[in-house]
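Fold and contact review
Letter by letter, the chains look like this.
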There are 2 protein chains.
Amino acid sequence: MNKKTSFSITYQIQSTSEEEALQLSTALSIEQTVEMPADTVPDHLKDNIGRVVSLTKTNEKVWKTVIQFSGSLVDDDSTQFLNVLFGNSSLQTGVKLVDIDREYLSQICNGPVHGIGQYRINMGVKKRPLSCTALKPIGLTPGELAERAYKFSSGGIDMIKDDHGLANQNSATFKARVQSVVRAVRKGEQISGKKTAYFPNITGSAAEVIDRYMQAVELGADGVLISPQLTGLSQMHQLARSNMPLPIMAHPAFSGNYVNHPTGGFSPEIYYGVLWRAFGADFIIYPNAKGRFSFTEDTCKAINHECRNPKLKLRSSFPTPGGGIDRTTVSEWADIYGNDTVFLIGGSLYQHPDGIESATKEFQQILKDYE
Amino acid sequence: MNKKTSFSITYQIQSTSEEEALQLSTALSIEQTVEMPADTVPDHLKDNIGRVVSLTKTNEKVWKTVIQFSGSLVDDDSTQFLNVLFGNSSLQTGVKLVDIDREYLSQICNGPVHGIGQYRINMGVKKRPLSCTALKPIGLTPGELAERAYKFSSGGIDMIKDDHGLANQNSATFKARVQSVVRAVRKGEQISGKKTAYFPNITGSAAEVIDRYMQAVELGADGVLISPQLTGLSQMHQLARSNMPLPIMAHPAFSGNYVNHPTGGFSPEIYYGVLWRAFGADFIIYPNAKGRFSFTEDTCKAINHECRNPKLKLRSSFPTPGGGIDRTTVSEWADIYGNDTVFLIGGSLYQHPDGIESATKEFQQILKDYE
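Since this is a predicted model, take the numbers as computed values, not measurements. (Residues numbered from 1 in each chain as written. Chains lettered and ligands numbered in written order. Predicted model: local features only at pLDDT ≥ 70, side-chain atom pairs only at ≥ 80, totals over all residues. Heavy atoms only, no water.)

Some remarks on the interface of chain B and chain A
- On the side of chain A, 79 residues touch chain B, which itself brings 78 residues to the contact.
- Interface of chain B and chain A: buried area, both sides summed, is about 6,400 Å²; carbon and sulfur atoms make up 55% of it.
- The largest share of the area that chain B buries against chain A comes from B:Leu91, B:Phe254 and B:Asn257, three residues that together contribute 13% of it.
- The interface formed by chain B and chain A contains zero salt bridges.
- Summed over the shared surface of chain B and chain A, the number is 39 residue pairs in polar contact (both at pLDDT 80 or more).
- Elements supplying a minimum of two residues to the side of chain B that touches chain A: helix 2 (78–86), helix 5 (142–154), helix 7 (206–218), helix 8 (228–231), helix 9 (233–241) and helix 13 (347–351) of chain B.
- Here the side of chain B that touches chain A is composed, by residue class, of 28 nonpolar, 39 polar and eleven charged. (Contact = heavy atoms within 4.5 Å. Buried area = accessible area lost by both parts, 1.4 Å probe. Salt bridge = Lys/Arg side-chain N within 4 Å of Asp/Glu carboxyl O. Polar contact = N/O pair within 3.5 Å; in protein donor to acceptor, adjacent residues only side chain to side chain. Helix = DSSP H or I, 4+ residues; strand = E, 2+ residues; numbered from the N terminus. Nonpolar A, V, L, I, M, F, W, Y, C, P; charged D, E, K, R; others polar.)

What follows is the structure, encoded as structure tokens:
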């Protein structure tokens, strides 16, 4: 395949006339590139100005504009790609990013290191959805967290992730926590007779992320959790690019305003399903419909679709809906979302009258029917 | 001063009744902390749940709620502080962050390494506002950029920053660019007889940021430009914490959706003026009123106020409005915004009929009146 030397981005803009919509599109093509009056751009660099290649009316007030950008603005730099995509335009009202050139993205991004196929092999789970729970709350000691992890593991859960608020607090420092929990999970596996993977949270400053990632490898964790909007998306991409062995689970903390803006931000499926996948997330956690957050079922389905969409020539990501899923509803969601899904369940397992281990067994039993 | 062991955050929420507003506030206090049903939180950890300390009606539909959080949720970790501040709550509709406990923030954050006072000493400018321009467009060679930088410098501009889109493109790789521009700026200073500071853009992945920062130091740059929302705020904070010598200029690329959300996100003055200052920006670029973006003059004044507000017990930041400022309007803005401001001017200097050097001289002449 020839390398693409330009890429197109689709924005949704607000306007009541075609003339104004075209003006806005042209302004956008300048804002995201040369960022200076067109008459001050030297002639030999005019090609660096984005080019409006199509403009379509969506409804009375909304237009879709496709802008083509020169690849030389980016030169394979994925951080600078984000900047051309939505740097200054994020500051303008009424500009929403609704599509990204997948072919170009496939060219400059790594995607997940494992992806759905490889992760199924790692876990020895052929077909059924996977289960994941969150280790919490903040404030428990490493011993108390390990005790909970042991119960989840002996109950046979597929994956345990740290609560995304577990950082390096005195109550459970990173190293002590990971040591204790890994040990407990391995012990639990002896009871369940199956694999349970543990993903500690490595979110922190750039130096801390690297340090915790290396500790996670050394201490025998099975993956890592990161909140890419807190660390910067490029930080996650850097881990995915290093081709180190641990799969990456991405948490949406601090990212909401990119996807719940009425006229700005990103379409949620493009932000999570396309961008986070391209930037290396093997698992993409998002707030499920009917839970405590605001996504509709259609939005969730669209995210799932993009996580697995073969149009992006990179490994696929497991969509990982969280919130509002328990053992009474998981079958329903599995039927809707399909097998290539990880179901993130927290509260309902902790609330089960017979305790965590029994709750987990019940949950796994339901998922077994999908194998 | 005693160390604070808790901190309060003020959110604005949408509700038509006090009862519902209280329910929403309580849900928020759980969401941002233990993130599990209150009845499943062990008794000895109940204090880790945030506590609603006040709830005030703003208008028929809007309430202000103040939630107090235990410091043990954070333990001096500024990334985890961002998570408690606005992690999951960013995903909820109708939750806007409108105030942050400055005293606690002063305790866990570094603030700018230089600040307004020290930077004035560095530059030998006692009282007047400072000028800054952007080196652009993308696509110019290091030689061509250096030529422009020379003209700005010989015209006597105070500061030159890279366009925030200049990364490490083949047309002007980081090292070649910084080498050429530093040399040109030093040569220009011989003509103007005054200091011109050059801030190359170091935005990139975590590893690239560190590498480019070190190169900037070695190659004799006078500061660095970074887009913290592209790199992660913690990345900037890490540089500010390292106590290395270069002042940091922060660019708002990719940050717009945090501040232009009608019912979510942050108040712009809190996001830029408080948070970015606390996380180490000596200069905070924001889109000026009456330019190509959408902030009102009142919002800009509020950002300026927070950049310099002594309530935050950290060094102050220079507010750096950009967009819509030229030599015909700068006096007006200087009178409104006050002397402790850096005026970022791009297009109008490039458009001047007599060229960059003359344009710069005229601009500096106007600012001299404020000394």
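Quick word on the side chain of B:Glu35
- Relative to the helices and strands, B:Glu35 resides in the loop between helix 1 (18–31) and strand 2 (51–59).
- Contacts of B:Glu35, omitting those with residues within four sequence positions, involve A:Lys136, A:Asp163, A:His164, A:Arg292, B:Ile30 and B:Asn88.

Topic: the pairing of strand 6 (residues 159–162) of chain B
Residue and element names in this part refer to chain B.
- Here strand 6 shows two buried faces, one formed by Met159 and Lys161 and the other by Ile160 and Asp162.
- Where strand 5 (residues 130–135) meets strand 6, four bridges bridge the pair, whose relative direction is parallel. When the sheet's bridge partners are listed, Leu135 is paired in strand 6 with Asp162.
- At this point the chain moves from strand 5, through helix 5, to the parallel strand 6, and the crossover so formed is right-handed.
- At this point the chain moves from strand 6, through helix 6 (residues 174–192), to the parallel strand 7 (residues 197–199), and the crossover so formed is right-handed. (Buried < 20%, exposed > 50% of the residue type's maximum accessible area, 1.4 Å probe, protein only. Pairing = 2+ DSSP bridges. Right-handed = clockwise from strand over helix to strand, strands pointing away.)

Structural notes on the sheet that holds strand 2 of chain B
Residue and element names in this part refer to chain B.
- What the four strands build is an open sheet, ordered 2-3-1-4; its pairing is antiparallel. If you trace the sheet from one side to the other, it starts and ends with strand 2 and strand 4 (95–100), each paired once. Taking the axes of each pair of neighbouring strands and ignoring which way they run, one obtains an average angle of 25° across the sheet. (Axes fitted to C-alpha atoms, helices over the stretch in contact; angles between N-to-C directions.)

Points about the side chain of A:Ser180
- Following the sequence through the fold, A:Ser180 ends up in helix 6 (residues 174–192).
- In this view, A:Ser180 contacts A:Pro142 and A:Ala146; residues no more than four positions away in its chain are not counted.

A word on the relation of the copies chain B and chain A
- If you rotate chain B by 180° and push it 0.0 Å along the axis, it lands on chain A with an RMSD of 0.0 Å. Read as a symmetry element, the transformation amounts to a two-fold axis. When each C-alpha of chain B is compared by its distance to the rotation axis, B:Gly232 comes out closest, at 1.9 Å.
- Counting the interface residues of chain B, we find that 100% of their copies in chain A are interface residues as well, pointing to one common contact surface. (Least-squares fit on C-alpha atoms with pLDDT ≥ 70 in both.)

Brief notes about the environment of A:Pro37
- Positionally, A:Pro37 belongs in the loop between helix 1 (18–31) and strand 2 (51–59).
- Separated by ten residues in sequence, A:Pro37 and A:Ala27 have C-alpha atoms that sit 9.4 Å apart.
- Residues in contact with A:Pro37, not counting those within four places in the same chain, are B:Gly347 and B:Gln351.

A look at the pattern of salt bridges
Residue and element names in this part refer to chain A.
- For the structure on display, the rule yields 36 salt bridges over all chains.
- A salt bridge links Lys301 to Glu297, with the shortest nitrogen-to-oxygen separation between them at 3.9 Å. You can see Lys301 and its partner Glu297 sitting in helix 11 (residues 297–308), four residues apart, about one turn around the helix.
- With relative accessibility at 24%, the residue Glu297 sits in the partly exposed group.
- Through salt bridges that share partners, Arg128, Asp158, Lys194 and Glu371 make up one connected network.

Regarding the sheet that holds strand 3 (residues 62–70) of chain A
All names here are of chain A.
- The strand order across the open sheet formed by four strands is 2-3-1-4, and the pairing between neighbours is antiparallel. Looking at strand neighbours, the two that pair on one side only are strand 2 and strand 4 (95–100), the edges of this open sheet. Strand after strand, the sheet turns through a mean of 25° between neighbouring axes, direction not considered.
- Strand contacts of helix 2 (residues 78–86): strand 1 (6–14), strand 3 and strand 4, with the helix running at about 35° to strand 1, the strand carrying the most contacts.

Digging into the environment of B:Met214
Residues and elements named next belong to chain B.
- Structurally, the position occupied by Met214 is in helix 7.
- Residue classification places Met214 among the partly exposed residues on the basis of a relative accessible area of 34%.
- Separated by 32 residues in the primary sequence, Met214 and Leu246 have C-alpha atoms spaced 9.9 Å apart.

Topic: helix 7 of chain B
- Helix length check: helix 7 of chain B (13 residues) gives 19 Å between terminal C-alpha atoms against 18 Å at 1.5 Å per residue, within 8%.
- Within the span of helix 7 of chain B, buried status applies to B:Ala206, B:Val209, B:Arg212, B:Tyr213, B:Gln215 and B:Ala216.
- Contact partners of the buried residues in helix 7 of chain B: helix 7 (206–218) and helix 9 (233–241) of chain A together with helix 6, strand 8 (224–226), helix 8 and helix 9 of chain B. (Expected span 1.5 Å × (residues − 1).)

Comments concerning the packing of helix 5 of chain B against helix 14 (residues 356–368) of chain B
Residue and element names in this part refer to chain B.
- Interhelical geometry of helix 5 versus helix 14 gives an angle of 35° and a closest axis separation of 7 Å. Crossing of helix 5 over helix 14 shows right-handed handedness. Contact residues: Arg148, Lys151, Phe152 and Ser154 in helix 5; Ile356, Glu357, Thr360 and Lys361 in helix 14.
- Partitioned by chemical class, the residues of the contact of helix 5 with helix 14 number two nonpolar, two polar and four charged. (Left-handed = near helix turned anticlockwise from the far one by under 90°.)

What to know about the environment of A:Leu225
All names here are of chain A.
- Relative to the elements of secondary structure, Leu225 occurs in strand 8 (residues 224–226).
- Taking C-alpha positions, Leu225 is 17 Å from Pro142, a pair spaced 83 residues apart along the chain.
- Those residues in contact with Leu225, other than ones at most four positions away along the chain, are Lys161, Asp162, Asp163, His164, Phe199, Pro200, Asn201, Ile202, Thr203, Met249, His251 and Ile285.

Topic: the packing of aromatic side chains
- Evaluated as defined, the whole model comprises 43 aromatic pairs over all chains.
- On the numbers, 5.1 Å between centres and 35° between planes, the contact of B:Trp333 with B:Tyr337 is tilted. On the criterion of helical spacing, the pair formed by B:Trp333 and B:Tyr337 is a turn pair, its members being four residues apart in helix 12 (residues 330–337). Considered together, B:Trp333 and B:Tyr337 belong to a single accessibility category, that of buried residues.
- Across the ring face of A:Tyr150, the terminal group of A:Lys187 is positioned such that the distance to the ring centre comes to 5.0 Å. (Phe/Tyr/Trp six-rings, centres within 6.5 Å; stacked < 30°, edge-to-face > 60°. Lys NZ or Arg CZ within 6 Å of the ring centre and 35° of its normal.)

Thoughts on the state of the cysteines
- This model, assessed by the stated rule, comprises zero disulfides over all chains.
- Here A:Cys109 stays free of any disulfide, with the sulfur of A:Cys307 as its closest cysteine sulfur at 15 Å.
- A residue is classified by how much of its surface remains accessible, and A:Cys109, at 6% relative accessible area, is buried.
- Take B:Cys300: it sits in no disulfide, and the sulfur closest to it among the cysteines is that of B:Cys307, at 11 Å.
- We classify B:Cys300 as buried; its relative accessible area is 0%. (Disulfide = S-S within 2.5 Å.)

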